[in-house]
Amino acid sequence: MVVLDQRLLESCRRYVDDMPPRFNYMTSPELAKSLESHPDAYFVLDNRTPEAYAAGHIPGAVNMWFKDVLSDSNLALLPRDKTIVIVCWVGHTASQLVALLGLLGFTVAGLQYGMGESPVPDSPRAGWRDLGLPLEKKIG
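The present account deals with the structure reproduced in this document. Only a predicted model underlies this, so the values are computations on that prediction, with no experimental measurement involved.

1. A few points about the layout of surface pockets
(1) Moving on: Its boundaries defined by the atoms lining it, the second largest pocket holds a volume of some 170 Å³.
(2) Moving on: For the lining of the second largest pocket, the elements supplying multiple residues, two or more each, are α1 (6-17) and α5 (92-103).
(3) Moving on: Of the residues that constitute the lining of the second largest pocket, the class distribution is 6 nonpolar, 4 polar and 2 charged.

2. Notes on the packing of α1 against α5
(1) Moving on: α5 packs onto α1 with a crossing angle of 115 degrees between their chain directions and a minimal axis gap of 10 Å. When you trace α1 past α5, the crossing you get is right-handed. Residue-level contacts link Ser11, Cys12 and Tyr15 of α1 to Val98, Ala99, Gly102 and Leu103 of α5.

3. Here we look at the packing of aromatic side chains
(1) Moving on: Counted under the stated rule, the structure contains 1 aromatic pair.
(2) Moving on: The interplanar angle of 75 degrees and the centroid separation of 6.3 Å between the aromatic rings of Trp65 and Trp89 together place this pair among those described as edge-to-face. Of the two residues, Trp65 is situated in the loop between β3 (62-63) and α4 (72-75) and Trp89 in the loop between β4 (83-87) and α5; the sequence distance between them amounts to 24 residues.
(3) Moving on: What makes Trp65 partly exposed here is its relative accessible area of 29%.
(4) Moving on: Overall, Trp89 belongs to the buried group, its relative accessible area being 12%.
(5) Moving on: Of note, Arg80 hangs over the ring of Phe106, and the distance from its end group to the ring centre comes to 3.9 Å.

4. Points about the pattern of salt bridges
(1) Moving on: Applying the stated criterion to the full structure yields 3 salt bridges.
(2) Moving on: Taking the shortest distance from any N to any O, the salt bridge between Arg13 and Glu10 comes out at 2.9 Å. Of this pair, Arg13 and Glu10 both sit in helix α1, 3 residues apart, roughly one helical turn.
(3) Moving on: Relative accessible area serves as the criterion here: at 34%, Glu10 is assigned to the partly exposed category.
(4) Moving on: Measuring nitrogen to oxygen at the nearest pair gives 2.8 Å for the salt bridge that ties Arg22 to Glu30.
(5) Moving on: You can call Arg22 partly exposed: its relative accessible area is 41%.
(6) Moving on: In this structure Glu30 comes out as partly exposed when scored by relative accessible area, which is 30%.

How each quantity is defined
- Residues numbered from 1 in each chain as written.
- Predicted model: local features only at pLDDT ≥ 70, side-chain atom pairs only at ≥ 80, totals over all residues.
- Heavy atoms only, no water.
- 1 Å grid on protein atoms, 1.4 Å probe; cavity = no way out; pocket = protein on both sides within 12 Å on 5 of 7 lines; lining within 4 Å.
- Points joined across faces, edges and corners; volume = space filled by probe spheres on them.
- Helix = DSSP H or I, 4+ residues; strand = E, 2+ residues; numbered from the N terminus.
- Nonpolar A, V, L, I, M, F, W, Y, C, P; charged D, E, K, R; others polar.
- Axes fitted to C-alpha atoms, helices over the stretch in contact; angles between N-to-C directions.
- Left-handed = near helix turned anticlockwise from the far one by under 90°.
- Contact = heavy atoms within 4.5 Å.
- Phe/Tyr/Trp six-rings, centres within 6.5 Å; stacked < 30°, edge-to-face > 60°.
- Buried < 20%, exposed > 50% of the residue type's maximum accessible area, 1.4 Å probe, protein only.
- Lys NZ or Arg CZ within 6 Å of the ring centre and 35° of its normal.
- Salt bridge = Lys/Arg side-chain N within 4 Å of Asp/Glu carboxyl O.

Encoded structure:
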């Protein structure tokens, strides 16, 4: 039997209960418009490798490698009075940080589909259904 930390479990439940309908995502056009109209309301955190960041990033974004974001020194750099928008390659690592930072009480959003580039060469960038892979439907 797994013993769960009840305080952590309650925090997780509150996080899921309070999640907005769009699951804490912003699209690229929404972010661009928001940064143009209210630049001081956002902190863009690019959690890709330093090499990927150097090759091109959103203007003003701060680079913190995914595995280093939760260090004490990096957590101290994150604002509590802004929405932190997390950017990665395609949205996967960003979504994990959105959940972790959200549980820690930060206001966060992930950039849906990230920078639109997979770090894995020749990997598909479309979803299961888009690739024509088999689907199962529940009957009844």
